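Observations on the model geometry
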Amino acid sequence: MAAPGYSIRARLLLGAALVLVAFLVGAGLAVQRAHADSVRAAHFARLQITIYLLLARAELEADGTLVMPAELAEPRLSLPSSGLYAGIVSPLTGQAWRSASTVGLAPPLRGEGVDPGQWRQETIETAQRSYHVVSYGVNWTAASRATPLVLSVAEDRATFDRELAVFARTLWAWLGGAGVLLLGAQILLLQWGLKPLSHVAREIRRIEGGEQARIEGRYPTEISGLTEGLNTLIQQERSRQGRYQEALSFLAHSLKTPLAVLRNALHEPAQLPAAVREQVARLDDIVQHQLGRARASGATKFAPPVLLVPVLDRVRDALAKVHAGKGLAIAIACEPALSWRIEEGDLFEILGNTMDNAAKWARARVAVRAWREAGKLHLQVDDDGPGFADPEAAIRIHVRHDERVPGHGVGLAIVADLVASHHGELAIARGELGGARLRIVLPPP
């Protein structure tokens, strides 16, 4: 027996966990990046507003001197090392102003390279810190004189990074919690969804232990075919065992009479050889009959389709050799593509015995026909022999051998048992050739 592999539950849980982790990681990274872009845009927007505040408070004298108030609307610009820094530079005169927050620091404030009316947003890395910087160029006109100015505001990224870190911790904590809850829900769903399989396994163990005869529970449509197939296999196996036991029982019972005749013949030496010959032939017929019944596979849904023409041809060729001296003409009418779901051995037994019986009693002609009609398989064998004196006795099942019509052997009894095991019908009548006609109808397995 092959070692059991991973359970379905373990495979589904592993697959669900991997998909869930991949989804949560992808979603978390996407949300985190979108949040970072949004916060960055908000920071640059605030820096632009700060530049507008600088423009609103800046004054330019007639001689081009830049004048800034001591107090600004943004209080952080007045606090040293507050993290927000501003500067205004006149590239033409070289005059520069910086906010009080820049005392003792050298933030990367631009003084040139920005054209009038141009906005520039950038992130600048220095040896110690990283900054968000917004610069704006403007032409300031005073006393009919235009002076170019570059206004620049820089903000330490520490605040930005802290905001992102807090959001990331919160985001991954919530996603992790959601992932655990979803995985728990998935486990419960899998247990509920796979519960019918556990019930099937439990019923199979009860069948193996002899506590019940078949799978009895009602199951979902996805596995109902499996349970029906298992019940069919169980029924077929029990039928096969029943046939074996029945054949042994009938064999033991049928052997009693020939053995008794042989024991009685021991007291009459003159009749012993003839009695031995007669009873040995009867014993052989009995054994063949019961073995044929035991070998019958019966109707099965799992038999592969068998083409009938090759089987018919092989039986015809064999009979032509056996009865070569009679010069029989054996005609077969069957479509080349006709097939039927039946064990090949059963089909050979049915066709072989019926055609052999016809060949034994035919004078010159045997006609075999096979066709499908209304979903059933029809087999018909005609001969031009004398026919049956008592058709019912010839196909009577379980009749003792010494009660049969003489001269017909056990072949038709075997055929009758096989047909019955396939839930079919066997009929004997007078055929168009003047002799016997055997007609067999087999329903779908």
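Parameters and conventions
Residues numbered from 1 in each chain as written. Predicted model: local features only at pLDDT ≥ 70, side-chain atom pairs only at ≥ 80, totals over all residues. Heavy atoms only, no water. Helix = DSSP H or I, 4+ residues; strand = E, 2+ residues; numbered from the N terminus. Buried < 20%, exposed > 50% of the residue type's maximum accessible area, 1.4 Å probe, protein only. Contact = heavy atoms within 4.5 Å. Areas by Shrake-Rupley, 256 points an atom, 1.4 Å probe, with all protein chains shown as cover. Salt bridge = Lys/Arg side-chain N within 4 Å of Asp/Glu carboxyl O.

For the protein chain, the helix and strand inventory stands at 8 helices and 14 strands. Expressed as a percentage of its 445 residues, the buried residues of the protein chain come to 38%. A separation threshold of at least 6 residues defines the contact pool for the protein chain, and within that pool the share at least 24 residues apart is 63%. Total accessible area computed for the protein chain in this model is approximately 25100 Å², and 58% of it derives from carbon and sulfur atoms.

A few words now on unusual backbone geometry. With a phi close to 55°, Ser81 is a non-glycine residue in the positive phi region. Looking at where Ser81 falls in the secondary structure, it is placed in the loop between strand E2 (66-67) and strand E3 (84-89). Here Ala374, not a glycine, exhibits a phi torsion of approximately 55°, which is positive. Along the chain, the position of Ala374 falls in the loop between strand E11 (365-373) and strand E12 (376-383).

What follows deals with the pattern of salt bridges. Going through the model one piece at a time under the given rule, you end up with 11 salt bridges. One salt bridge connects Arg157 with Asp161, and the closest N-O pair in it is separated by 2.9 Å. Taken together, the residues span about one helical turn, with Arg157 and Asp161 both in helix H2 (residues 157-208) at a distance of 4 residues. Overall, Arg157 belongs to the buried group, its relative accessible area being 17%. Of the charged contacts in the structure, one is a salt bridge between Glu432 and Arg437, with a shortest N-O distance of 4.0 Å. By relative accessible area, Glu432 is classed as exposed at 74%.

Just distances and angles here, no functional claims.
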